[in-house]
Amino acid sequence: MPKSKRDKTISLTKTSKKGKLLKEQLVENVRNWCTKYKHILLLSVQNMRNNKLKDLRSEWNDSRFFFAKNKVMAIALGKTKEKEILEGVHVLSNALVGQCGLLFTNRKTKEALKAIRQYEEVDYARSGFVPSETIVLPEGPLSEFPHSIEPHLRQLGMPTALEKGVVTLIKQFTVCKQGEPLTPEQARILKLLGKPLATFKLIPLGIYSTKKGYRKLLYEDDAKENAVEKMEVDDETVTK
């Protein structure tokens, strides 16, 4: 039997290491943006969605959003006073904690913060999301579902049956409970029910300018678990 052309041995030792090159390119991009933009906003991310972020980037085509590993962003900015790319920016570098990103912009501070604070996009929750409400379905027919999906609903844990060709809950069913993280099955059920519980939003935590350095923005949680800004901001300063 002739040898297959696909039967080739590939040495893994000869493959290129793109990870290091990619990180170096990201660092170079950040340093270039530091010279082009007057302000750098530190943003906290809630319920990250790549498609929503893509839309946001289109709206802010005069600015640059940057999301990467905190370590990469910190190295780009400089973690110490000796290594910082801009005077005082190492303070911002050390504030990179948790899921966050950077916004490089020349927009006025007040305008930028207002736009970011007001931007929200509702989406379906994923596994691990903590809902702020309890959702209970009463016993009875689920006429919004076709009969063909009934076996799948049972696989997800819903007590359903077909009654005269109609998907029916044979008893009351709790989809999710307030304060308890969603399982993959619960997240799937909520999507099938058309109930988006998650909100993609960016919360400004701090702002850096070449004139005033890094200033932390103070927030406190309101009853709706959303962050409310407690500062008044002008074009260059942040004051209580």
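Notes on the structure in this doc start here. Everything quoted here is computed from the prediction, not taken from an experiment.

Here we look at a positive patch on the surface
- A cluster of basic residues, Lys-23, Lys-69, Lys-71, Lys-79 and Lys-83, forms a positive patch at the surface.
- Relative to the assigned elements, Lys-71 resides in helix α3 (residues 70-77).
- For Lys-71, a relative accessible area of 63% puts it in the exposed group.

Brief notes about unusual backbone geometry
- In this structure, Asn-47 is a non-glycine residue whose phi angle is positive, near 55°.
- Mapped onto the elements, Asn-47 comes out in the loop between β1 (39-46) and α2 (50-59).
- Classification of Asn-47 as partly exposed rests on a relative accessible area of 24%.
- Despite not being glycine, Lys-164 has its phi angle at roughly 55°, a positive value.
- Mapping Lys-164 onto the fold places it in the loop between β7 (160-163) and β8 (166-169).

Describing the pattern of salt bridges
- On inspection of all chains with the given rule, the structure shows five salt bridges.
- Glu-111 serves as the salt-bridge partner of Arg-107, at 4.0 Å between the closest nitrogen and oxygen.
- Judged by its relative accessible area of 17%, Arg-107 is buried.
- One connected set of salt bridges, linked through shared partners, spans Asp-62, Arg-107 and Glu-111.

Rules of the game
- Residues numbered from 1 in each chain as written.
- Predicted model: local features only at pLDDT ≥ 70, side-chain atom pairs only at ≥ 80, totals over all residues.
- Heavy atoms only, no water.
- Patch = residues over 30% accessible without salt bridge, like charges linked within 9 Å, V, L, I, M, F, W, Y side chains within 5 Å.
- Areas by Shrake-Rupley, 256 points an atom, 1.4 Å probe, with all protein chains shown as cover.
- Salt bridge = Lys/Arg side-chain N within 4 Å of Asp/Glu carboxyl O.
- Lys, Arg positive; Asp, Glu negative; His and termini not counted.
- Charge placed at Lys NZ, Arg CZ, Asp CG, Glu CD.
- Helix = DSSP H or I, 4+ residues; strand = E, 2+ residues; numbered from the N terminus.
- Buried < 20%, exposed > 50% of the residue type's maximum accessible area, 1.4 Å probe, protein only.

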